[in-house]
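# Results of the structural survey
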Amino acid sequence: MAKKGAGDVAHGIPGGITPIIPPDRPEIVDLARFAVKTQTEYPNLVFKKVLKAAQQVVSGVKYYITLEAEDGNRYETQIWVQEWIPKKEVLVFRRLPMPGQPQDIPDAPTNEEVIELARFAVDEHNKQEVAS
């Protein structure tokens, strides 16, 4: 894979995301293995294969990789690489929902928070109704 510099342009858009084809290049597989190895949310996770990959030039290269693990699940990771420092950091690592499986919403409010917000909204509405 040719190395890109900070001034390179992907598809005419500075900082654009470009697919990596084929996605199972050895350097991409190495990055996916690195992400699986360094993440801590899914203990004993074993890498199986890279399904999809893309890259974005951003003060280094940010890689977007979709991979499959031996547990049968698919995972998405983002890895930021700055070769001149050298630095390699996993920014995101999350399990993707299986087809037909409901998707978890990160940082979704709890039922108590929703009820509290609804009460607040009703109280504010009632105050405005009384004032007018």
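By the naming in an unreviewed UniProt entry, the protein chain is Cysteine proteinase inhibitor, taken from Turnera subulata. As recorded by UniProt, the Sequence similarities (unreviewed entry) comment attached to the protein chain reads in full: "Belongs to the cystatin family. Phytocystatin subfamily."

Here we take up the nonpolar core. In terms of nonpolar packing, the biggest core is built from 21 residues, with Ile28, Val50, Tyr63, Ile65 and Phe93 touching the most fellow members. Secondary-structure elements contributing two or more residues to this core are helix H1 (26-38), strand S4 (47-57), strand S5 (61-69) and strand S6 (74-82). When residues in this core are grouped by element, the largest group, six residues, is from H1. Apart from residues no more than four positions distant in its own chain, Val50 is found in contact with Pro23, Asp24, Ile28, Val29, Ala32, Ile65, Thr66 and Leu67.

To continue, consider the packing of aromatic side chains. Per the counting criterion, the structure on display carries three aromatic pairs. Where Tyr42 meets Phe93, the ring centres are 6.2 Å apart and the plane angle is 50°; that geometry is what we call tilted. On the criterion of sequence distance, the pair formed by Tyr42 in the loop between H1 and S4 and Phe93 in strand S7 (residues 87-96) is long-range, its members being 51 residues apart. In terms of burial, Tyr42 and Phe93 fall into one category: buried. Taking 5.4 Å as the distance between ring centres and 25° as the angle between the ring planes, the aromatic pair formed by Tyr75 and Phe93 counts as stacked. Placement of Tyr75 in strand S6 and of Phe93 in strand S7 is noted, with a sequence separation of 18 residues between them. The exposure class assigned to Tyr75 is buried, which follows from its relative accessible area of 1%. Ring-pair connections join several aromatic residues into one group, and the members of that group are Tyr42, Tyr75 and Phe93.

Cut-offs used in this document
All chains use their own residue numbering, which begins from 1 and follows the written sequence. Local features are withheld for residues below a pLDDT of 70 in this predicted model, meaning they are given only at 70 or higher, and side-chain atom pairs are given and counted only at 80 or more; totals for whole chains, interfaces and linings count all residues. Computation of side-chain values covers all heavy atoms of the structure but excludes hydrogens and water. UniProt positions are given in the numbering used here, feature names are shortened, and annotations may be inferred rather than shown by experiment. For this analysis, a nonpolar core means a set of buried residues of the types Ala, Val, Leu, Ile, Met, Phe, Trp, Tyr and Cys, connected via side-chain atoms within 4.5 Å. Between buried and exposed lies partly exposed: a residue is buried under 20% and exposed over 50% of the maximum accessible area for its type, with that area taken using a 1.4 Å probe on protein chains only. Think of it this way: any DSSP run of H or I at least four residues long counts as a helix, any run of E at least two long counts as a strand, and we number them from the N terminus. Contacts were defined at the residue level, with two residues in contact if any of their heavy atoms lie within 4.5 Å. Put simply, two rings from Phe, Tyr or Trp (the six-membered ring, in Trp's case) pair if the centres are within 6.5 Å, and we call them stacked under 30 degrees between planes, edge-to-face over 60, tilted for the rest.

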